[in-house]
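# Architecture and fold: a report
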Amino acid sequence: MSSTDHAAPAPRRLATRALETTAENPWPVRLLSSKINDYIARMAPLWVEGQIVQLNRRPGATLAFLTLRDTDADMSLPVAVQSRVLAAMATPLQEGAHVVVHAKPTFWPKRGSLQLQADELRPVGVGELLARIEHLKRVLAAEGLFDAERKVTLPFLPRCVGLICGRESKAEHDVVVNAHARWPALRFEIREVAVQGARAVPEVMAALRELDADPAVEVIVVARGGGAVEDLLPFSNEALVRAAAACRTPLVSAIGHETDSPLLDLVADYRASTPTDAAKHIVPDVAEQRRGLAQSRQRIRAAITARLAAEQRGLDHLRSRPVVANPHALVTARAEEVERLRATALRAVTWRTDRAADELRGARSQLRALSPAATLARGYAVLRDDTGRVVRSPDDVRTGQRLEALLAAGRLGVEVLPQPAETDPTADGQIDPAADNPTDAAADNKSAPAAPPTETPADGQTAPSADARAL
């Protein structure tokens, strides 16, 4: 076998960047750890703020270890510091202290852990904390979280109250005992949490969300006794204040004493000076309510009695009136008046009807007297030619012309005859001079009818005879 058959395989070429790695060409753990170490080693030292939640100092050891926790979130980092740095601090460092640390991030590749290597620690003073709280107060006020329009009225008589307090604390006792003394039937949902220290903010927020999600809870009370400014800092935490602002259930803040003013008091719907004061405002006093009910009953009874008496007096007054004593008197008087008016109206209508009848008869007589039909009824006739024109003169016709004679009882066809010798039309008594006046004839109704006269035509022809021959 040749020597080339025993040669070692060529080394695998690793990716130079993380994006170039694949399942067939991955990075080994040592390479990734070294790259992380190189990246963190290039970071410059920085100042970090947090709260000390765990401090381990061993006698004789040169290093002390502590855990630095974020004050607003559940995040922490381990910190290593020289024991001499802690010993040089003017105030001994305790767990729960709020500090700023000057440190450099350090990565340990063998165990893959990150920690801060601190060379200086400074406690945050009360004055600085209060200045930060004041700045946060202005920011939240500008967002409208403290506006009165956002606050809701507490229910008059809640059936269940949620209580957030410390474990077996005096604040819990004050709220529960005083509330039950005022309203024994009140039910509590109690959540015992840390009310100071690093765990206060997340535990209070969790309890607040849990009670807000419970539909049976009608009011939530956050209670804590008095304490130093540092002890009340969790209740001015921005995350906790925003969680309280987002709470849909009416919220009562009973933190500290009258002089204490954490930011939770400003965002709550009601701020109680003490836990006992909170108990007095979440439920009414049953004894006072009973007294109020008794007084209301007395006032209602007195009002009803007075109203009944007034109505009885009114009824008595109405009964004493004559019209009520004898109701028929008013009806009788009105009936007589109606009968009188009816008789007057009947007389007026009768007189008016009779007068109208007389006027109608006079108009009818006058109309008949002036009517052409009346003239025809007395024996007169109206002559019309074939065009329908009335013949008014002998000059309007000629001998032999056919005419139409309109009589009272019908029509006749006539023919114009030659005019005979002139005679006195009145000699034989055939023509009544009174007939020329139809009005006088209608008045005496005694004139005998006569044939209308004829005249000689103007063209010299023989005038038609007055006795026209009927066709």
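Residues numbered from 1 in each chain as written. Predicted model: local features only at pLDDT ≥ 70, side-chain atom pairs only at ≥ 80, totals over all residues. Heavy atoms only, no water.

### Concerning the overall build of the protein chain
Rule in force here: The helix and strand labels rest on DSSP assignments: H or I over at least four residues marks a helix, E over at least two residues marks a strand, and numbering proceeds from the N terminus. Burial classification: accessible surface area is computed with a 1.4 Å probe over protein chains only, and a residue below 20% of its type maximum counts as buried, one above 50% as exposed, and the rest as partly exposed.
The secondary structure content of the protein chain amounts to 13 helices and 14 strands. Looking at the protein chain residue by residue over its 471 residues, the buried ones come to 30%.

### So, the layout of surface pockets
As a reminder, the rule being used: Buriedness of a pocket was judged along seven lines, with at least five required to meet protein on both sides within 12 Å; pockets are open sets of points on a 1 Å grid over the protein atoms alone, cavities are sets where a 1.4 Å probe fits but cannot get out, and lining residues have an atom within 4 Å of a point. Grid points are joined across faces, edges and corners, and a volume is the space filled by probe spheres set on the points. As a working rule, the residues Ala, Val, Leu, Ile, Met, Phe, Trp, Tyr, Cys and Pro are called nonpolar, Asp, Glu, Lys and Arg charged, and the rest polar, with Gly in that last group.
In this structure, the second largest pocket occupies an estimated 780 Å³ of space. Forming the boundary of the second largest pocket are 32 residues, of which Gln 51, Thr 71, His 98, Leu 129 and Leu 233 lie nearest the centre. For the lining of the second largest pocket, the class distribution of residues is 14 nonpolar, eleven polar and seven charged.

### Some words on the packing of helix H4 (residues 170-182) against helix H8 (residues 275-282)
Filter applied, for reference: Here the axes come from fitting lines to C-alpha atoms, over the contacting stretch only for helices, and the angles between their N-to-C directions go from 0 to 180 degrees. For classification purposes, angles smaller than 35 degrees are called roughly parallel, those larger than 145 roughly antiparallel, those between 65 and 115 roughly perpendicular, and all remaining angles oblique. The crossing is said to be left-handed when, going from far helix to near helix, the turn is anticlockwise and less than a right angle, and right-handed when the turn is clockwise. By definition, residues are in contact when any of their heavy atoms lie within 4.5 Å.
Direction vectors running N to C along H4 and H8 enclose 30 degrees, while the axes themselves pass 8 Å from each other. What the angle tells us is that H4 and H8 run roughly parallel. Remark: the crossing between H4 and H8 carries right-handed chirality. On the side of H4, the interface is formed by Ala 171, Asp 174, Val 175, Asn 178, Ala 179 and Arg 182, while H8 contributes Pro 275, Thr 276, Ala 279, Lys 280 and Ile 282. Taken together, the residues of the contact of H4 with H8 sort by class into six nonpolar, two polar and three charged.

### Focus on a nonpolar patch on the surface
Our working definition: Patches here are clusters of residues that have more than 30% relative accessible area and form no salt bridge, with a 9 Å joining cutoff for like charges and a 5 Å cutoff for nonpolar side chains (Val, Leu, Ile, Met, Phe, Trp, Tyr). Computed by Shrake-Rupley with a 1.4 Å probe, the accessible areas treat only the displayed protein chains as cover when residues are assessed. Salt bridges, as used here, are contacts in which a Lys or Arg side-chain nitrogen is within 4 Å of a carboxyl oxygen on Asp or Glu.
Judged by side-chain polarity, Leu 315, Leu 318, Val 323, Val 324 and Leu 330 come together as a nonpolar surface patch covering roughly 390 Å² of accessible area. Going through the elements one at a time, helix H9 (286-319) and helix H10 (322-325) are the ones with two or more residues in the nonpolar patch. Among the structural elements, Leu 318 can be located in helix H9. Of the residues examined, Leu 318 reaches a relative accessible area of 39% and is grouped as partly exposed.

### Things to note about the side chain of Gln 115
Take Gln 115: it is sitting in strand S5 (residues 113-123). When residues no more than four places from it in sequence are discounted, the contact partners of Gln 115 are Phe 65, Pro 78, Ala 80, Lys 104, Pro 105, Thr 106 and Trp 108.

### Topic: the confidence of the model for the protein chain
Rule in force here: pLDDT measures the predictor's confidence residue by residue and takes values from 0 up to 100.
Per-residue pLDDT for the protein chain averages 82, and the proportion of residues at 70 or more is 85%. Segment residues 426-471: pLDDT under 50, and 74 contacts once partners within four positions in sequence are set aside and those in other chains are kept.

### Some remarks on the pairing of S5
Spelled out, the test is: For two strands to count as paired, DSSP must find a minimum of two bridges between them.
Pairing of strand S3 (residues 76-82) with S5, which is carried by three bridges, proceeds in the parallel orientation. Directly across from Val 81, in S5, lies its bridge partner Ala 118. Taken together, the ten bridges between strand S4 (residues 98-108) and S5 define a ladder with antiparallel strand orientation. Across the sheet, the residue bridging to Pro 105 is Leu 116, located in S5. Counting the residues that bridge the hairpin from S4 to S5 gives four residues, and of these Gly 112 lies at a positive phi of roughly 60 degrees.

### Some remarks on the nonpolar core
Our working definition: Throughout this description, the term nonpolar core refers to a set of buried Ala, Val, Leu, Ile, Met, Phe, Trp, Tyr and Cys residues connected via side-chain atoms within 4.5 Å.
If you look at the biggest cluster of nonpolar residues, it comprises 36 residues, and the most contacted ones within it are Ile 164, Leu 208, Ile 220, Phe 235, Leu 251, Leu 264 and Val 267. With six residues, the single largest contributor to this core is helix H5 (residues 200-213). Those residues in contact with Ile 164 that lie beyond four places of it in its chain are Arg 191, Val 193, Val 204, Ala 207, Leu 208, Leu 211, Ile 220, Val 221, Val 222 and Ala 223. Of all hydrophobic cores here, the second largest spans 20 residues; its members include Val 175, Phe 188, Val 221 and Ala 279.

### With respect to the sheet that holds S3
Whenever strands of a sheet pair, they do so through backbone hydrogen bonds, lying parallel or antiparallel. In space, the five strands of this closed barrel follow the order S1-S2-S3-S5-S4, with mixed pairing throughout. Taken over all neighbouring pairs, the strand axes of this sheet differ in orientation by 55 degrees on average, direction set aside. As paired strands, strand S1 (residues 46-56) and S4 are joined by six bridges and run antiparallel to one another. Within S4, the residue paired with Trp 47 across the bridge is His 102. Contacts from helix H1 (residues 29-41) reach S4 and S5 within the one sheet, and its direction differs from that of S4 by about 140 degrees.

### A few points about the environment of Met 89
Here Met 89 shows up in the loop between helix H2 (83-87) and S4. A C-alpha to C-alpha distance of 7.9 Å links Met 89 and Leu 121, two positions 32 residues apart in sequence. With near-sequence residues (within four places) excluded, Met 89 lies in contact with Leu 121 and Pro 123.

### Side note on unusual backbone geometry
Despite not being glycine, Glu 168 has its phi angle at roughly 50 degrees, a positive value. Within the element layout of this structure, Glu 168 appears in the loop between strand S6 (160-165) and H4.

### Overview of the pairing of strand S13 (residues 410-415)
Pairing between strand S12 (residues 402-407) and S13: six bridges, direction antiparallel. Among the inter-strand pairings, Leu 403 is bridged to a residue of S13, identified as Val 414. Between S12 and S13, which pair antiparallel and follow one another directly, the connecting turn spans two residues.

### Focus: the pattern of salt bridges
Two side chains that carry opposite charge are able to pair once their charged atoms sit near each other. One pass over the structure, following the stated rule, counts 20 salt bridges. Among the salt bridges present, the one from Arg 122 reaches Glu 120, with a minimum N-O distance of 2.8 Å. Salt bridges here are not isolated pairs; linked through shared partners, they connect Arg 187, Glu 189, Arg 191 and Glu 210.

### Here we look at the sheet that holds strand S9 (residues 251-255)
Strand order in this open sheet of five strands is S7-S6-S8-S9-S10, and the pairing throughout is parallel. Edge positions in the open sheet fall to strand S7 (187-192) and strand S10 (270-271), since each of these has one partner strand only. Pairing geometry for S9 and S10, over two bridges, is parallel. Paired with Ser 253 across the bridge in S10 is Arg 271. Contacting S6, S7 and strand S8 (219-224), H4 runs over the sheet at an angle of about 180 degrees to S7. Sitting on the sheet, H8 is in contact with S6, S7, S8, S9 and S10, with an inclination near 165 degrees to S8.

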